[in-house]
Amino acid sequence: MPGFIETIALVISSLATTVLGANLLYLGTYALVAAGLAFGAVALQSYLTPKPKVPKPEDGSYNLKQNVPPLSFVLGKVKKGGDYAFLEETGGVAYHSTVLAAHRINRFVQHYLHDKTVTLNSDGVVSNTSMAGVVRILTRLGLNAETVYTQIRDAFPTIWTNDHRGDGLATMMMQVYTVKQEDHLSVFPNNMPEHSAVIEGALLYDPRKANQHIPDQPNTWDYSENLSLMRLWHLTHPVGGKLSIDDMYLPDWINAANVSDEDVTNRSGGVEPRYHGGFWFRANNEVTEVGRILDQAAELVVFERPDGLVGVHAGRFVEPDVRLTRDDIINVSFDANERDSSSVLAVRGHFVDTASDFVTRDAAIYGDPYLADDETERTRTFDNAAIQSHNHCQRLQKIAFIRANAPKVSVLAHYEAAENVPYRRFVRVHLPPKMDEAVVEITATPKVSLRNLTVEFSGIVVPAAALYSFVASVEEGEPPTAAGKPGSSGVPTPQNFGVTIQTEVVAGGATAAYANATWDLVSGVLRYEFEWERYILFPQPVQSVLSVAGENSVRTGYLADGEQYRFRLRAWGGGTPSEWTGYIIATATADPVPPGSLSGASVTPGVGKALFEWTAPNSANYYACQIRIGTTGDINASTLVATEYGPPSAVDNRTVLGLAAGTYYGWLIAINPSGRPASPVAVGEFVVG
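Just so we're clear, the structure is a prediction, and the values are computed from it rather than from any experiment.

Cut-offs applied
Residues numbered from 1 in each chain as written. Predicted model: local features only at pLDDT ≥ 70, side-chain atom pairs only at ≥ 80, totals over all residues. Heavy atoms only, no water. Helix = DSSP H or I, 4+ residues; strand = E, 2+ residues; numbered from the N terminus. Buried < 20%, exposed > 50% of the residue type's maximum accessible area, 1.4 Å probe, protein only. Contact = heavy atoms within 4.5 Å. Areas by Shrake-Rupley, 256 points an atom, 1.4 Å probe, with all protein chains shown as cover. Pairing = 2+ DSSP bridges. Axes fitted to C-alpha atoms, helices over the stretch in contact; angles between N-to-C directions. Polar contact = N/O pair within 3.5 Å; in protein donor to acceptor, adjacent residues only side chain to side chain. Parallel < 35°, antiparallel > 145°, perpendicular 65-115°, else oblique. Left-handed = near helix turned anticlockwise from the far one by under 90°. Nonpolar A, V, L, I, M, F, W, Y, C, P; charged D, E, K, R; others polar. Core = buried A, V, L, I, M, F, W, Y, C linked by side-chain atoms within 4.5 Å. Salt bridge = Lys/Arg side-chain N within 4 Å of Asp/Glu carboxyl O. Patch = residues over 30% accessible without salt bridge, like charges linked within 9 Å, V, L, I, M, F, W, Y side chains within 5 Å. Phe/Tyr/Trp six-rings, centres within 6.5 Å; stacked < 30°, edge-to-face > 60°. Expected span 1.5 Å × (residues − 1). Arc of directions from axis to C-beta. pLDDT = per-residue confidence, 0-100.

Caption draft 1: Examining the overall build of the chain more closely. Across its full length, the chain carries 11 helices and 44 strands. With 689 residues in all, the chain has 45% of them scored as buried. In the chain, 67% of the contacts between residues at least 6 apart in sequence involve partners at least 24 apart. On the chain, roughly 32,300 Å² of surface is accessible, and the fraction owed to carbon and sulfur atoms is 52%.

Here it is, written out as structure tokens:
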């Protein structure tokens, strides 16, 4: 390139990976970039055209009917439907055949019909549920030379022959027999059965078993849920990185696999692997998106080594062997990242609950989404389709929380001292007072300039000991209660459902809020379930209460004062629920009566500050004084700058600091514990020097 030559340090990570950079690594075209060669029209079009997103776990709940669906690939244990290859009926029997994976799988673990588990006898016939004896399920694992489904071949000899074996495809065949018309709804309450299954996916090459596993012979490999081995598989598969085992620096991958297999303790005291999981994707999904999911789930950083081989940094802290001091550093930019607008108070995560039919569930919140005197909820969402453990999700939520609030740095250093930085994940920087033996985690591709003999890199300052440490008994928490599946109806949905917020006096003379539900009574044998939950972005644990049969009202327990809730109702009869009503949203207010207004309000301005003084009202429910300041006489354009708590009738004051010189207007507002305000008291115009 004119004027300078730069080498591109190949750090490809879920922390900071561009589609372009990752494609360069996969296609081996860094040399072309350095030489100034272009991708070409095809590659450029592929880069600019977005590809479908990696499917969510719920996307596999239904079988796909499409002429030529993209091939699907399964890593680890997942629950999914298939892609229809055949669907015909003859003689009152429907024949279904679907492809669940475009490769050999380890085994079928559990079959489902309409998301309900079914048991098969030795002939594959369903032996439980209402469809017992009328549905038969057979499977093939996807061997190199498979066996034809003779049932389809014999029923449709003109369109299905012995050549229709499905070599290398994991498939399912389902026969559904017709029943008498009067029995149809009882046997098939949801009409034609919809099949899905929990399967253990692809066999994976493990470099730790080099004496058993042959790289180009997948039948010698073993099934594994190790996320590092999945990433190795993806990089060396035609649907992924298109590299070979010879292109990989195997000692790094062996170490990463060992780290993923390490035992960690969860909140119940049990032991589980550090980085195990599973998910599925399609051949037309973006390669870098699939890689990002695996990198993030296993905390991997994939990079190209100086010898051209692809290495990987495992998901644990490694003491840096590169230490940069003031003499090594040319320039440094340091951002403490302590602004309220950018700080993250909590991280909310999702994980796939394998114990609850592989549904995606909310994890416990890591951190506290609220601060005192601050109604702003500043949270970050952590979502990864490959995570199948609450402990795993919580550990990564903690890491995401630390990284989100970590100081950010950008360093320009001399080449001699920093030449190995492009091949490291952690670097130690000693530049007192702000960076005293600080550990920097590199989050962007370092730039090496051979003309200037410099290395430039960006990263975040992380706590070396705390980044990957995790005490499950203290930090994991409990996931919210999973909502149950609504049952089939027949029971009428409640009509004229209404909710009112009411209060009552509790111990000590204080008041508390609760919600009271009412509805039209249809039958004296029905009981009604009243459900409520905090109405925020990710709901808190759901609570509910059952009414007494024959009554048309029921109340909740006490609600958190000032919080917004959503409520709904359903009826129960004979062990069967009705459909839920729509949600009603209301705010719990324990004390709807505002206190009296303040008296004696005044302001004394100073240099960069203002002293506010007042006398609290003689109101038993007085709680605090809010101070609002604006640059005009319109209170609606003012800003809440402070809240001072105190008892009734007290003479109180508060100094507001950090005011720029200028003319201001102020108001003092008394509030009760529920936040209900009294009439504002203006202190008038004042000038800050």
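Caption draft 2: Structural view of unusual backbone geometry. The residue after P432, namely P433, is reached through a cis peptide bond having omega 5°. The backbone of S649 shows a phi angle near 65°, a positive value even though the residue is not glycine. By the secondary structure assignment, S649 is in the loop between β41 (639-645) and β42 (651-657). Owing to a relative accessible area of 37%, S649 belongs among the partly exposed residues under this scheme.

Caption draft 3: Quick peek at the sheet that holds strand β30 (residues 498-505). On the basis of which strands lie adjacent, the open sheet formed by 3 strands has the order β30-β31-β34 and antiparallel pairing. The outermost strands of the open sheet, each flanked by one partner alone, are β30 and β34 (553-555). Across the sheet, the mean angle from the axis of one strand to that of its neighbour is 30°, orientation sign disregarded. Where β30 meets strand β31 (residues 511-518), 8 bridges bridge the pair, whose relative direction is antiparallel. Looking at β31, one finds that T500 is bridged to N516.

Caption draft 4: Summary view of helix α6 (residues 227-235). Across the 9 residues of α6, 9 count as buried, placing the element largely inside the fold. Of all the residues in α6, the buried ones are L227, S228, L229, M230, R231, L232, W233, H234 and L235. For α6, the N-terminal capping position is held by N226, with its side-chain oxygen 2.9 Å away from the main-chain nitrogen of S228.

Caption draft 5: Quick look at the packing of α6 against helix α8 (residues 287-298). As a packed pair, α6 and α8 sit with axes 9 Å apart at the nearest point and diverge in direction by 160°. Relative to α8, the element α6 is oriented roughly antiparallel. As α6 runs across α8, the sense of the crossing is left-handed. Every residue of α8 that contacts α6 at L227, S228, M230, R231 and H234 is listed here: V287, V290, G291, L294, D295, A297 and A298. Of the residues belonging to the contact of α6 with α8, the class tally is 7 nonpolar, 3 polar and 2 charged.

Caption draft 6: Structural context of the nonpolar core. Core analysis: the biggest nonpolar cluster contains 57 residues, and L75, L227, W233, W253, F279 and F281 have the highest contact counts within it. The contacts of W253, once residues within four sequence positions are left out, are P207, S228, R231, L232, L235, M248, V302, V310, G311 and V312. Formed by 24 residues, the second largest nonpolar core is a distinct cluster that contains L100, V187, A197 and I199.

Caption draft 7: Local environment of the pattern of salt bridges. What the rule picks out here adds up to 30 salt bridges. The partner of R425 in a salt bridge is E299, and the shortest N-O contact between them spans 2.9 Å. Here E299 lies in the loop between α8 and β17 (301-304) and R425 lies in the loop between α10 (415-418) and β26 (426-431), a separation of 126 residues in the sequence. Neither residue differs from the other here; R425 and E299 are each classed as buried. A salt bridge links E319 to R428; the shortest N-O distance between them is 2.6 Å. Linking E319 in the loop between β18 (310-313) and β19 (323-324) with R428 in strand β26, this pair joins segments that are 109 residues apart in sequence. Of the residues examined, R428 reaches a relative accessible area of 15% and is grouped as buried.

Caption draft 8: Here's a closer look at the packing of α6 against helix α7 (residues 250-261). Their axes nearest at 8 Å, the elements α6 and α7 cross at an angle of 145°. Mapping the contact onto sequence places S228, L229, R231, L232 and L235 in α6 and W253, A256, A257 and S260 in α7. Looking at the contact of α6 with α7 residue by residue, the class counts come to 6 nonpolar, 2 polar and 1 charged.

Caption draft 9: Representation of the sheet that holds strand β6 (residues 93-101) within the structure. Overall, antiparallel pairing links the 4 strands, which are arranged β5-β6-β10-β9 in an open sheet. Each edge of the open sheet is held by one strand with a lone partner, namely β5 (83-90) and β9 (135-140). For this sheet, the mean angle separating the axes of adjacent strands, direction not counted, is 15°. Taken together, the 8 bridges between β6 and strand β10 (residues 170-177) define a ladder with antiparallel strand orientation. Paired with T98 across the bridge in β10 is M172.

Caption draft 10: Focus on a nonpolar patch on the surface. Taken together, the side chains of Y535, Y583 and I585 make up a nonpolar region of the molecular surface, amounting to roughly 270 Å² of accessible area. Mapped onto the secondary structure, Y535 falls in the loop between β32 (527-534) and β33 (543-546).

Caption draft 11: Structural view of the environment of D206. Positionally, D206 belongs in the loop between β12 (203-204) and β13 (222-223). Residue classification places D206 among the buried residues on the basis of a relative accessible area of 5%. Between the alpha carbons of D206 and W253 there is a distance of 8.9 Å; along the sequence they are 47 residues apart. With near-sequence residues (within four places) excluded, D206 lies in contact with H213 and L229.

Caption draft 12: Spatial organisation of the packing of aromatic side chains. A full pass over the atoms with the stated rule returns 18 aromatic pairs. Judged by centre distance (6.1 Å) and plane angle (70°), the ring pair of F497 and F530 falls under edge-to-face. With a gap of 33 residues between them, F497 in the loop between α11 (472-475) and β30 and F530 in strand β32 connect regions that are remote in the sequence. Across the pair, exposure class does not vary: F497 and F530 are buried alike. Ring centres 6.0 Å apart and planes at 45° place the aromatic pair F530 and W532 in the tilted group.

Caption draft 13: Summary view of α7. With 12 residues, α7 should reach 16 Å at 1.5 Å per residue; the first-to-last C-alpha distance of 16 Å fits that figure. Every buried residue belonging to α7 is among D252, W253, A256, A257, V259 and S260, and all of these are buried. Down the axis, α7 shows its buried residues gathered within 160° of arc, on one side only. Looking at the buried residues of α7, the elements they touch are α6, β15 (271-273), β17 and β18.

Caption draft 14: Structural detail: the side chain of R566. Here R566 lies in strand β35 (residues 564-573). Polar side-chain contacts of R566 include one of 2.7 Å to the side chain of E533.

Caption draft 15: Representation of the confidence of the model for the chain in the model. Per-residue pLDDT for the chain averages 87, and the proportion of residues at 70 or more is 88%. Confidence over residues 1-48 falls short of pLDDT 50; this stretch has 79 contacts with residues more than four positions distant or in other chains.

Caption draft 16: Representation of the environment of R380 within the structure. Secondary-structure assignment places R380 in strand β24 (residues 379-383). The spatial distance from the C-alpha of R380 to the C-alpha of Y366 is 9.9 Å, given a sequence separation of 14 residues. Not counting the four nearest positions on each side in its chain, R380 is found in contact with V344, A346, V347, R348 and A404.

Caption draft 17: Main features of the environment of Y623. Secondary-structure assignment places Y623 in the loop between β39 (609-615) and β40 (624-630). Linking Y623 and G675, residues 52 residues apart in sequence, is a C-alpha distance of 8.5 Å. For Y623, the residues in contact, after removing those within four places along its chain, are Y645, G646, I671, N672 and P673.

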